[in-house]
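Report on the structure
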Amino acid sequence: MTRDELIQALIPERVRQGAAYQIPDATGMVKLDAMENPYRWPQSLRDELAIRLADCALNRYPDPHADSIRAPLAQWMQIPETLDLLFGNGSDEIIGLLISNLIGTGRSVCAPDPSFVMFQVLANQYSVPFRALPLDSEFDIDVDGWMDGLMEADPALIFVPQPNNPTGNLFSKDRLAQIVESTQALIVIDEAYTAFTDADYLDWAERYPNVVVMRTLSKVGLAGSRFGMLIGHPEWIVEFDKIRLPYNINVMSQTAVQFALEYASILEEQSGLIRQERSRLSSRLSERGFSVWHSEANFVVMDCGVHAARDLFEGLKQHQVLVKCLDGSHPRLTNTLRLTVGTPDESDALLSALDQLVAR
Ligand SMILES: *Cc1c(COP(=O)(O)O)cnc(C)c1O
């Protein structure tokens, strides 16, 4: 057989027909596409981190439980002692872990629509049935629509980003409680944007038998270290720990996260700046006639109105500003752009590029 024939025979159709996840090249750009924290660490701390990293035993496997991180993380996030933690190589890995658990069971996964794409991407990859749950005109939970969807799909797992990505809003607490109380599925409340909202659902993981909470350090300043966590009752965590790869958090990541937690106040200050900048950027965009959706996250969605989102997206790229064009990704996101909130200077670069583009 030729290699081509072997690939036809050995790689499943769904993989051959698919494409790798596309990440645009951002070299030299003002990068406002991926919800990263724009702030770097002071040079003195970077030097100190370099020393710690130099001390890492790269010849040894990392601590399989990343124990040095547990106590400082629990303290910083005020995680109740009754709850346990499982760490992932980004929360993406945890999403995959939870879904992979359902392979071959015939049980399905649900998530709101529109929402974070990885839920569906990973369900497809593992051939686990996926069902989208409808949102109402305010992008809040459509309770009747969810009840119908849950009845039909009978999922084992429901992901609920709180606040939601890419819409930026929080789902109403009452509606979410109604769903939690009416389903037998495990609900994963995905608090990826916890640093940018006052909402906090950790106590639900204590109160409800079918709720766990997922968080990540990516949006708060450690995207490069790939570190996410599942927070839940020990009886849940012990089960998921059985399907986790033993050395999933590498030693450099463990070291960097432990170091960052010693200086967590810096991360908090930076998140505070981003929250302030979110409201300034939103006002500046509104003044220019763009309609900006309220956001509890470190991004805002703007409806481009009389302008074409795709043209603005391409035009911004010409001005070295990279944002995310949501147009075409979902009917309800037509003609919108998602702008990650960066530094005030980055916002100014974005605004001045927009001014030049719309003046033409
Ligand atoms: C960014 C994001 C994640 C993924 O975070 P990582 O820890 O970087 O994998 C998970 N959920 C939502 C809703 C996100 O927006």
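Description of the structure in this document. (Residues numbered from 1 in each chain as written. Predicted model: local features only at pLDDT ≥ 70, side-chain atom pairs only at ≥ 80, totals over all residues. Heavy atoms only, no water.)

1. Examining the side chain of Asp140
As for its placement among the helices and strands, Asp140 is situated in the loop between β4 (130–134) and α7 (143–153). By relative accessible area, which is 11% here, Asp140 ends up buried. Not counting residues within four places of it along the chain, the set of residues in contact with Asp140 comprises Leu135, Asn169, Phe171, Ser172 and Arg175. (Helix = DSSP H or I, 4+ residues; strand = E, 2+ residues; numbered from the N terminus. Buried < 20%, exposed > 50% of the residue type's maximum accessible area, 1.4 Å probe, protein only. Contact = heavy atoms within 4.5 Å.)

2. A closer look at the pairing of strand β6 (residues 186–190)
Judged by how many residues are buried, β6 sits mostly within the fold: five of five residues are covered. Every second residue of β6 is oriented toward a common face, with Leu186, Val188 and Asp190 on one face and Ile187 and Ile189 on the other, all of them buried. Where strand β5 (residues 157–161) lies against β6, five bridges are found, and the strand directions are parallel. Its bridge partner lying in β6, Phe159 is registered against Val188. Traced from β5 through helix α8 (residues 173–182) to β6, the parallel crossover comes out right-handed. Summarising the sheet, β6 and strand β7 (residues 211–216) pair through four bridges and their orientation is parallel. Its bridge partner lying in β7, Asp190 is registered against Met214. Since β6 and β7 lie parallel, the crossover through helix α9 (residues 202–207) that links them has a hand, and here it is right-handed. (Pairing = 2+ DSSP bridges. Right-handed = clockwise from strand over helix to strand, strands pointing away.)

3. Points about the site of the ligand
Taken together, 13 residues surround the ligand, and among them Asp190, Tyr193, Thr216, Ser218 and Lys219 come closest. A distance of 2.5 Å separates an oxygen atom of the ligand from a polar atom in the side chain of Thr216. Within the side chain of Ser218, an N or O atom sits 2.6 Å from an oxygen atom of the ligand. Isolated, the ligand exposes 390 Å² of accessible area, and the fraction of that covered by the protein chains is 94%. When each cavity is represented as a set of grid points, the ligand is found to reside in the largest pocket. Put simply, the parts of the chain that give the shell around the ligand at least two residues each are α5 (91–100) and α10 (218–222). A class-by-class count of the residues in the shell around the ligand yields four nonpolar, five polar and four charged. (Near = heavy atom within 4 Å. Polar contact = N/O pair within 3.5 Å; in protein donor to acceptor, adjacent residues only side chain to side chain. Areas by Shrake-Rupley, 256 points an atom, 1.4 Å probe, with all protein chains shown as cover. 1 Å grid on protein atoms, 1.4 Å probe; cavity = no way out; pocket = protein on both sides within 12 Å on 5 of 7 lines; lining within 4 Å. Sits in = over half its atoms within 2 Å of the grid points. Nonpolar A, V, L, I, M, F, W, Y, C, P; charged D, E, K, R; others polar.)

4. Thoughts on the environment of Thr255
Mapped onto the fold, Thr255 is located in helix α12 (residues 251–262). Each C-alpha atom, one on Thr255 and one on Trp146, is 42 Å from the other, the two residues being 109 residues apart in sequence. When sequence neighbours within four positions are dropped, the list of residues in contact with Thr255 reads Arg52, Leu53 and Cys56.

5. A closer look at the pattern of salt bridges
Tallied over the entire structure, the rule returns 22 salt bridges. Between Glu262 and Arg52 there is a salt bridge whose closest N-O contact spans 2.8 Å. With a gap of 210 residues between them, Glu262 in helix α12 and Arg52 in helix α3 (residues 43–54) connect regions that are remote in the sequence. Put simply, Asp355 and Arg288 hold a salt bridge, and the shortest N to O gap is 2.7 Å. (Salt bridge = Lys/Arg side-chain N within 4 Å of Asp/Glu carboxyl O.)

6. Some details on the packing of helix α14 (residues 309–318) against helix α15 (residues 344–359)
α15 packs onto α14 with a crossing angle of 120 degrees between their chain directions and a minimal axis gap of 10 Å. The pairing of α14 with α15 is recorded here as oblique in orientation. Crossing angle aside, the handedness with which α14 passes α15 is right-handed. Only Leu350, Ala353, Leu354, Leu357 and Val358 of α15 make contact with α14, whose side of the interface consists of Leu312, Gly315 and Leu316. Of the residues belonging to the contact of α14 with α15, the class tally is seven nonpolar, one polar and no charged. (Axes fitted to C-alpha atoms, helices over the stretch in contact; angles between N-to-C directions. Parallel < 35°, antiparallel > 145°, perpendicular 65-115°, else oblique. Left-handed = near helix turned anticlockwise from the far one by under 90°.)

7. Concerning the pairing of strand β13 (residues 336–340)
Of all five residues in β13, five are buried; the element is thus mostly enclosed. In the sheet, strand β10 (residues 299–303) pairs with β13 via five bridges, with the strands oriented antiparallel. By the bridge assignment for β13, Val300 is matched with Leu339. As paired elements, strand β12 (residues 324–325) and β13 share two bridges and run antiparallel to each other. The partner of Lys324 across the bridge, within β13, is Arg338.

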